[in-house]
Amino acid sequence: MMRFIRPRLRKPLLRGIALLGIAGAWVIGSHTWEPAIVIAVVAVGQTVYRYTWAGEDTDESALLGSRADERQKQVGLRARALSGSVAMAAAYIGLVIALAVKRADAWPFAALLAVTGFAYLLGLSSYGSGEPGPEDEVTAGRQARYPVNS
Amino acid sequence: MVVPEEGRGGLRASDADREQAIEVLKAAFVRDRLARAEFEARMGQALASRTYAELAAATDGIPGRLTADEPPGMPAHVRNQRTQREMSQGELAEALGVSRQTVISIESGRYLPSLPLAFAIARFFDMTVDKMFGPDEEKTGAR
């Protein structure tokens, strides 16, 4: 479906839909419309704003507009990695504080920590890290020539 | 060069210290500052080093700040070639299919291009990758 949407509009639209999801959840949970309408208006506004921003000549705009080159993709990946690390650290700190203050409130932090930890392991396995390939003769010979005895 | 601090020479070196020394050696080899035979000998020496003194001996005579992340004079080459052709950074970016910011980052040495992009840049300027991104012969001494 995403193929039919202009690349520049994809990410702004996805973020807008994500906000609309929050608005919908609000309506279902509280049966009040006013805050949900405000969130919906913000969702539409930020979609238009991000779409405009995606057309500019900056790294952030290129990432937002789905037209990033190799360096910009690398920047995006690093930023995502940082956000993942921060989420993991925040979940851990939250878990520790919740356990110390009120144990019943700790489970969301534990769940978040478990999910981020699992996602990290999934990333390692998905991107091929740690696959023990067979050594060729040259590699094996080189290792034998330079032993490290620690 | 991994320099043993005062009185540290006899202390055992960690894996991280050995890796740092290996990075220095690799960077020196890539810049043609070490012949293959000497590189291999020093690598063996670094890998087998147990103490800081032994590690320092393996990297003796090589500047310590030389690392694999440091571009070998590449920014000047790209910038020179571009300005010789009177091209703007935007025009070069468009020709290479990358952003203007990426060209700026490459020229300023803040970003090392991938191998495919390095080939694309070299091909665009009708040069070999070695000429474009290799060590500066004036600095290292022409072979």
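Residues numbered from 1 in each chain as written. Chains lettered and ligands numbered in written order. Predicted model: local features only at pLDDT ≥ 70, side-chain atom pairs only at ≥ 80, totals over all residues.

*Asks:* What is the right way to read the overall build of chain B from this model?
*Replies:* Scanning chain B from terminus to terminus reveals nine helices and zero strands. Across the 143 residues of chain B, 27% fall into the buried class. Of all intrachain contacts in chain B linking residues separated by at least 6 positions in sequence, the fraction that spans at least 24 positions is 66%. (Helix = DSSP H or I, 4+ residues; strand = E, 2+ residues; numbered from the N terminus. Buried ≥ 20, exposed ≤ 12 C-beta atoms within 10 Å, placed from the backbone. Contact = placed C-beta atoms within 7 Å.)

*Asks:* Is there a simple way to think about unusual backbone geometry in this case?
*Replies:* Note: most peptide bonds trans; most residues except glycine with negative phi. The backbone of A:His31 shows a phi angle near 55°, a positive value even though the residue is not glycine. With respect to the helices and strands, A:His31 occurs in the loop between helix H1 (7-30) and helix H2 (34-53). Its identity is not glycine, yet B:Asp126 carries a phi of approximately 55°, on the positive side. Tracing the backbone through its elements, the reader meets B:Asp126 in the loop between helix H7 (115-124) and helix H8 (129-133).

*Asks:* It is not clear to me how the interface of chain A and chain B should be interpreted in this structure. Could you clarify?
*Replies:* Interfaces are often sized by the amount of accessible area the parts lose when they come together. Listed by partner, the interface residues are eleven residues for chain A and 13 residues for chain B. Residue assignment for the side of chain A that touches chain B shows that the elements contributing at least two residues are helix H3 (59-64) and helix H4 (70-101) of chain A. Looking at which element gives the most residues to the side of chain A that touches chain B, the answer is H4(A), with three residues. When the residues that make up the side of chain A that touches chain B are grouped by side-chain class, the tally is four nonpolar, one polar and six charged. (Nonpolar A, V, L, I, M, F, W, Y, C, P; charged D, E, K, R; others polar.)

*Asks:* How do you make sense of the environment of A:Trp107 when you look at a structure like this?
*Replies:* Mapped onto the elements of the fold, A:Trp107 is located in helix H5 (residues 107-126). Placed 13 residues apart in sequence, A:Trp107 and A:Gly94 show a C-alpha to C-alpha distance of 9.9 Å.

*Asks:* Would you take a moment to explain H2(A) for this structure?
*Replies:* The periodicity of an α-helix, 3.6 residues per turn, causes residues three or four places apart in sequence to face the same way. Residue and element names in this part refer to chain A. Taking 1.5 Å per residue, 20 residues should reach 28 Å; H2 reaches 28 Å between its end C-alpha atoms and fits that length. Buried within H2 we find Ala36, Thr47 and Arg50. Along the long axis of H2, the arc covered by the buried residues comes to 80°, so they all point the same way. In H2, the exposed residues that point more than 90 degrees away from the buried face are Glu34, Val38, Val41, Val44, Gly45, Val48, Tyr49 and Thr52. Tucked inside the fold, the buried residues of H2 contact H1 and H3. (Expected span 1.5 Å × (residues − 1). Arc of directions from axis to C-beta.)

*Asks:* Explain the nonpolar core to me, please; I cannot follow it from the model alone.
*Replies:* Nonpolar side chains tend to gather and get buried jointly when the protein is soluble and globular. All names here are of chain B. Of all hydrophobic cores here, the largest spans 13 residues; its most connected members are Ala21, Val24, Leu25, Ala28, Ala46 and Leu55. Where this core is concerned, the elements lending two or more residues are helix H1 (15-30), helix H2 (36-48) and helix H3 (52-58). The element contributing the most residues to this core is H1, with five residues. Within the second largest apolar cluster, eight residues are counted, among which are Val78, Val98, Val103 and Ile106. (Core = buried A, V, L, I, M, F, W, Y, C linked by C-beta atoms within 7 Å.)

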